[in-house]
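Chain by chain, the residues run as shown.
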Amino acid sequence: MTDLFDLAAVVTARLDAVNGRSREEIGLRILKVTEEAGEVAAAWIGAIGQNPRKGVTHTTDDVAAELADVVLTALVAITSLDRDPRDVVTACVNKAAARLDTYSTTPPE
C-alpha cells in the first residue's frame with residue numbers, strides 16, 4: 001500500500017517537473033481542491049437523485065471516492081507550498097481534538 005503523504009510528494013514532484021512551481025501554478029493547485037469539491041457535490045446530488053431529470057446517477061461509494069480525491073489534492077497543494085503535509089494535518093487534528101476536549105467539559109454556546 002502506498003503511503004498517502006509519500007504519494008502527495010510524488011505527485012507534487014511530477015507536477016513540478018511538467019508545470020514548474022510558479023506562483024500561478026501553486027494557485028492553480030489550490031483551486032484544484034475547489035474543483036474536486038465540486039465533483040463531491042455533483043456525486044452527492046447524483047446519489048440522492050436530487051435532479052429529477054437525471055435521477056440517481058451515483059452511489060455513496062462514488063461520493064466517498066470523490067472525497068478521497070479532495071484529500072489527495074489538498075495534500076498536493078500543501079506540499080506545493082513547501083510545507084510538510086504530515087505536520088500540517090497533525091496540527092489540524094490536534095486543534096480539532098483540543099476543541100473536542102473543551103466541548104466535552106463545556107458545551108458550546
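That block above? That's the structure.
Residues numbered from 1 in each chain as written. Predicted model: local features only at pLDDT ≥ 70, side-chain atom pairs only at ≥ 80, totals over all residues. Heavy atoms only, no water.

Trainee: What's the story with the nonpolar core in this structure? I'm lost.
Mentor: The nonpolar side chains of a soluble globular protein tend to be buried with one another. Ranked by size, the top nonpolar core spans five residues in total: V40, A43, A47, V63 and V70. Looking at this core, the elements that each hand over two or more residues are α2 (23–48) and α3 (60–80). In terms of residue count, α2 provides more of this core than any other element does, three residues in total. Not counting the four nearest positions on each side in its chain, A47 is found in contact with V56, H58, T59, T60 and V63. (Core = buried A, V, L, I, M, F, W, Y, C linked by side-chain atoms within 4.5 Å. Buried < 20%, exposed > 50% of the residue type's maximum accessible area, 1.4 Å probe, protein only. Helix = DSSP H or I, 4+ residues; strand = E, 2+ residues; numbered from the N terminus. Contact = heavy atoms within 4.5 Å.)

Trainee: Would you mind going over the side chain of E66 with me for this structure?
Mentor: By secondary structure assignment, the location of E66 is in helix α3. Despite being buried, E66 has no salt bridge partner; K32 is the closest side chain of opposite charge, sitting 9.0 Å away. The residues contacting E66, other than those within four sequence positions of it, are E36, E39, V40 and A43. (Lys, Arg positive; Asp, Glu negative; His and termini not counted. Salt bridge = Lys/Arg side-chain N within 4 Å of Asp/Glu carboxyl O.)

Trainee: When you look at helix α1 (residues 4–19) in this model, what are you seeing that I'm missing?
Mentor: Since one α-helical turn is 3.6 residues long, residues separated by three or four positions face the same way. Between its first and last C-alpha atoms α1 spans 22 Å; for 16 residues at 1.5 Å apiece the expected length is 22 Å, and the two agree. Of the residues flanking the end of α1, it is G20, one or two places downstream, whose phi is positive at about 75°. (Expected span 1.5 Å × (residues − 1).)

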